[in-house]
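Geometric and topological summary
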Amino acid sequence: MGTVLTVKNINVYYGAIHAIKGISFDVNRGEIVTLIGANGAGKSTTLHTVSGLLRSKTGDIEFLGESISHTAAHKIVSMGISHVPEGRRIFQGMTVQENLEMGAFVTKQDRIPENLAYVYEQFPRLKERTSQIAGTLSGGEQQMLAMGRALMSDPELLMLDEPSMGLAPILVDQIFEIIQNLNKAGTTILLVEQNAQMALSVADRAYVIETGKISLSGTGEELARSDEVRKAYLGG
Amino acid sequence: MAERILKNISTRGLKNAVKGNEYRKEALISYGILIIGYIVLQLGASVGLIGKHLQGQFVPICVYVALAISLNLVVGISGELSLGHAGFMAVGAFTGIIVMRVLEPHLGIMPIRLIIALIFAAIMAAIAGFIIGVPILSLRGDYLAIVTLAFGEIVRNFMNVLYFALDENDHLKFAFNHTIDGITNDQRILTGAIGATGVTKAATFTGAMLLTAFTLFVVLNLKNSKQGRAIMAIRDNRIAGESIGLDVRKYKLMAFVVSAALAGMAGCMFGQNYSTLAPVKFNFNTSILILVFVVLGGIGNIWGGMIAAALLTILPEAFRQFADYRMLTYAIVLILVMIGTYNPTFKARINSVIDKIKPKKKKDSGKKNKKSKSGKEVA
Ligand SMILES: Nc1ncnc2c1ncn2[C@@H]1O[C@H](COP(=O)(O)OP(=O)(O)OP(=O)(O)O)[C@@H](O)[C@H]1O
Ligand SMILES: [Mg+2]
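1. Some words on the overall build of chain A
- Secondary structure summary: chain A contains 10 helices and 10 strands in total.
- A compact globule built from 236 residues should have a C-alpha radius of gyration of about 18 Å, and chain A, at 17 Å, falls within 12% of that.
- Dimensions of chain A, computed from C-alpha atoms along their principal axes, come out at roughly 45 × 40 × 35 Å.
- Here chain A holds 236 residues, and the buried ones make up 55% of them.
- By sequence separation, contacts in chain A at least 24 residues apart represent 67% of the contacts at least 6 residues apart.
- When the 21 basic and 26 acidic side-chain charges of chain A are each reduced to a single mean position, those positions are 5 Å apart.

2. A closer look at the overall build of chain B
- A count of helical and extended segments in chain B gives 16 helices and 4 strands.
- Taking all 379 residues of chain B together, the buried fraction comes to 48%.
- Nonlocal contacts in chain B, meaning residues at least 24 apart in sequence, comprise 76% of its contacts between residues at least 6 apart.
- Accessible area for chain B stands at about 18,900 Å²; split by element, carbon and sulfur atoms hold 66% of it.

3. Looking at the nonpolar core
- Ranked by internal contacts, the top residues of the largest apolar core, which has 107 residues, are Met269(B) and Phe282(B).
- It is helix α4 (residues 58-77) of chain B that contributes the most residues to this core, 16 residues altogether.
- Residues within four places of Phe282(B) in sequence aside, it is in contact with Ala86(B), Met89(B), Ala90(B), Ala93(B), Phe94(B), Arg156(B), Phe270(B) and Leu277(B).
- Formed by 44 residues, the second largest nonpolar core is a distinct cluster that contains Val84(A), Met144(A), Phe176(A) and Val208(A).

4. Examining the sheet that holds strand β4 (residues 60-63) of chain A
Residues and elements named next belong to chain A.
- The 4 strands lie next to each other as β2-β1-β4-β5, forming an open sheet whose pairing is antiparallel. Sheet topology places β2 (17-28) and β5 (66-67) at the edges, where each strand pairs with a single neighbour.
- Taken together, the 4 bridges between strand β1 (residues 3-14) and β4 define a ladder with antiparallel strand orientation. The partner of Val7 across the bridge, within β4, is Ile61.
- Each of β1, β2 and β4 is contacted by helix α1 (residues 43-50), which is oriented at about 115 degrees to β1, the strand it contacts most.

5. Description of the interface of chain A and chain B
- Between chain A and chain B, the residue contacts involve 30 residues of the former and 27 residues of the latter.
- Of the roughly 2,600 Å² buried between chain A and chain B on both sides combined, carbon and sulfur atoms contribute 66%.
- Put simply, chain A and chain B have 0 salt bridges between them.
- The tally of links between chain A and chain B comes to 3 residue pairs in polar contact (both at pLDDT 80 or more).
- Among the elements of the structure, α2 (73-79), α3 (96-103) and α4 (112-122) of chain A are those that each provide at least two residues to the side of chain A that touches chain B.
- When the residues that make up the side of chain A that touches chain B are grouped by side-chain class, the tally is 15 nonpolar, 8 polar and 7 charged.

6. Some points on the packing of aromatic side chains
All names here are of chain B.
- The tally for this structure, following the rule as stated, stands at 13 aromatic pairs over all chains.
- For the ring pair Tyr64 and Phe293, a centre distance of 5.7 Å and an interplane angle of 70 degrees mean the geometry is edge-to-face. Here Phe293 lies in helix α12 (residues 284-296) and Tyr64 lies in helix α4, a separation of 229 residues in the sequence. No difference in accessibility class separates Tyr64 from Phe293, as the two residues are buried.
- With a centroid separation of 5.8 Å and 80 degrees between ring planes, the pair formed by Phe94 and Phe282 is classed as edge-to-face. Linking Phe94 in helix α5 (residues 85-103) with Phe282 in the loop between α11 (248-271) and α12, this pair joins segments that are 188 residues apart in sequence.

7. Observations regarding the coordination of the magnesium ion (ligand 2)
Residue and element names in this part refer to chain A.
- Donor atoms from the polypeptide that bind the magnesium ion (ligand 2) are Ser44 (OG) and Glu86 (OE), placed at 1.9 to 2.4 Å. Note that Ser44 is positioned in helix α1 and Glu86 in the loop between β6 (81-84) and α3, a separation of 42 residues in sequence.
- Note on Glu86: relative accessible area 30%, which makes it partly exposed.

8. Points about the site of ligand 1
All names here are of chain A.
- Surveying the vicinity of ligand 1 reveals 14 residues, the closest of which are Asn39, Lys43, Ser44, Thr45 and Gln194.
- Here an oxygen atom of ligand 1 and a side-chain polar atom of Asn39 are 2.7 Å apart.
- About the coverage of ligand 1: the protein hides 63% of its 620 Å² of free accessible area.
- The set of elements that each furnish at least two residues to the shell around ligand 1 consists of β2 and α1.
- The element best represented in the shell around ligand 1 is α1, accounting for 3 residues.
- Within the shell around ligand 1, the residues separate by chemical class into 5 nonpolar, 6 polar and 3 charged.

9. What to know about the pattern of salt bridges
- For the structure shown, the criterion picks out 14 salt bridges over all chains.
- We note a salt bridge from Arg238(B) to Glu242(B), for which the minimum N-O separation is 3.9 Å. Within this pair, Arg238(B) and its partner Glu242(B) are both found in helix α10 (residues 238-243), separated by 4 residues, close to a single helical turn.
- Taking the relative accessible area as the measure of exposure, Arg238(B) reaches 17% and is therefore buried.
- A relative accessible area of 18% places Glu242(B) in the buried class.
- One salt-bridge network, held together by shared partners, links Arg125(A), Glu128(A), Arg129(A) and Glu141(A).

Definitions and cut-offs
- Residues numbered from 1 in each chain as written.
- Chains lettered and ligands numbered in written order.
- Predicted model: local features only at pLDDT ≥ 70, side-chain atom pairs only at ≥ 80, totals over all residues.
- Heavy atoms only, no water.
- Helix = DSSP H or I, 4+ residues; strand = E, 2+ residues; numbered from the N terminus.
- Rg over C-alpha atoms; globule rule 2.2 N^0.38 Å.
- Buried < 20%, exposed > 50% of the residue type's maximum accessible area, 1.4 Å probe, protein only.
- Contact = heavy atoms within 4.5 Å.
- Lys, Arg positive; Asp, Glu negative; His and termini not counted.
- Charge placed at Lys NZ, Arg CZ, Asp CG, Glu CD.
- Areas by Shrake-Rupley, 256 points an atom, 1.4 Å probe, with all protein chains shown as cover.
- Core = buried A, V, L, I, M, F, W, Y, C linked by side-chain atoms within 4.5 Å.
- Pairing = 2+ DSSP bridges.
- Axes fitted to C-alpha atoms, helices over the stretch in contact; angles between N-to-C directions.
- Buried area = accessible area lost by both parts, 1.4 Å probe.
- Salt bridge = Lys/Arg side-chain N within 4 Å of Asp/Glu carboxyl O.
- Polar contact = N/O pair within 3.5 Å; in protein donor to acceptor, adjacent residues only side chain to side chain.
- Nonpolar A, V, L, I, M, F, W, Y, C, P; charged D, E, K, R; others polar.
- Phe/Tyr/Trp six-rings, centres within 6.5 Å; stacked < 30°, edge-to-face > 60°.
- Donors = N, O, S within 2.8 Å, 3.2 Å for Na, K, Ca; no water.
- Near = heavy atom within 4 Å.

So, in structure tokens, the structure goes:
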């Protein structure tokens, strides 16, 4: 199987605020791993630390056996980690196609047509809207665009931060279906979600984060059945 | 399936063509303004329609147009508010003056001397841009604006205590915070707050116009390059830019340093237009003046800023008797623009007026424009 990502004992601070208190986890090739937890638990902070936008004071982060805890954020992208940040960060003024092309900024030129074809195959909704200005897309389409753009850099590991946020149930289903398709096509996925039920149903393994610490871990099924998780995150 | 999709991607080429057209349109208008402006002013002067006073403004007009273009690189294209552009201008101006004086005994041909001075001015201003750019570009928004403002003031105050002179053996002498002894007045180059004296004017209208064209060339090409697209993507959404692997600091710094270098060159040309030049010329007001050009021309709209710079330099001269009210006029215009850009109802009204004007324009612009417009309308 092989480990893609290893996070060892990271501690992250925002000034005096100790947001991540010694988190460790790993992601194996071909898996969907999910981090769930309440608001403010530190899920986004964890992803930001992996992608190099925040730094840990301790520990180490390894990607494909190589330490990336001091690597610049833009280099981490070209190494093969794509981060889809929370809240649909798209280039509003550009067209759908231009957004996708920007996603391939660190990619070799000759890979771009192939990647574009793959993205349009996974997201037919985007293909119908290649020249639409991205800011006029619906929320769900914007989420798809953000995900599609992240795929343009040929990621080994795709990190998704709350892709279902603010979407209608049908769209949530669609997004999760796409996540599973991408995973089947060979992309390893680290998924952060508030929607614990959905996340656990697609995840191979899951970690529960509580105020900056991992409180539980196990397979998706195990956690979905666990009393603690059901009480805290699945509503009973 | 994949093959069919691959075929569809040949639309990619078309998309780029449309982008290319937009670029060509912008370039056409901008260079057109320069050429027409040059011909009109040149003709007006030779026919005698333009008086001596206004002719004296030809070089400053070019310089301010160049400054507006270069500041637009930071404010419009990179999206950072910079309030210290006059600082870079000052670095370029005084570097240029020193280089010109040092070379004078050795190099008789004025234009070549000027070109060398311009290069040195660009390098020094770029270094200044780099030194302040590295620490401050991690700041955002208002904080960056405040630090650039301070930078402009620091440069000016620094110039106030700089003393340079060329002694009888043509050796450059330098003193900090005190006058240089044992030299005649003619030998002085920079004298603290008095500034530069005895400058042999090297700036010509044609030279200044060529510099403006060069500035335009650099900025338009950068804007249309891969780097330029990265700079604009970061401006549009910094977090998205980071997430797709753009080196935010590198691109912000690139825009900032190039802009500084171009401002230095403009400053050098400016300094070569006067026989004396005091540091006070490069105060906060001048930084604001350049920013006003950019804002009035529409932030990011390069030729808009060019027109604003030219008009706002010409008008006070043309109506000299009202020149006392210049700053008052600026204040009023700025307030109007702020109302225009931030007041939704006012903005909607302006937009509806623009929409009414636009279709007419479409008809008389050629086929090329139509193509790019229709591309947009599909979007
Ligand atoms: N830029 C910041 N400055 C200071 N504190 C921050 C910053 N960003 C996050 N925090 C704090 O760090 C903690 C973890 O935040 P984080 O965004 O990682 O939570 P999260 O698990 O992603 O929550 P949510 O599900 O609401 O997105 C919170 O207490 C938050 O207030
Ligand atoms: Mg979050």
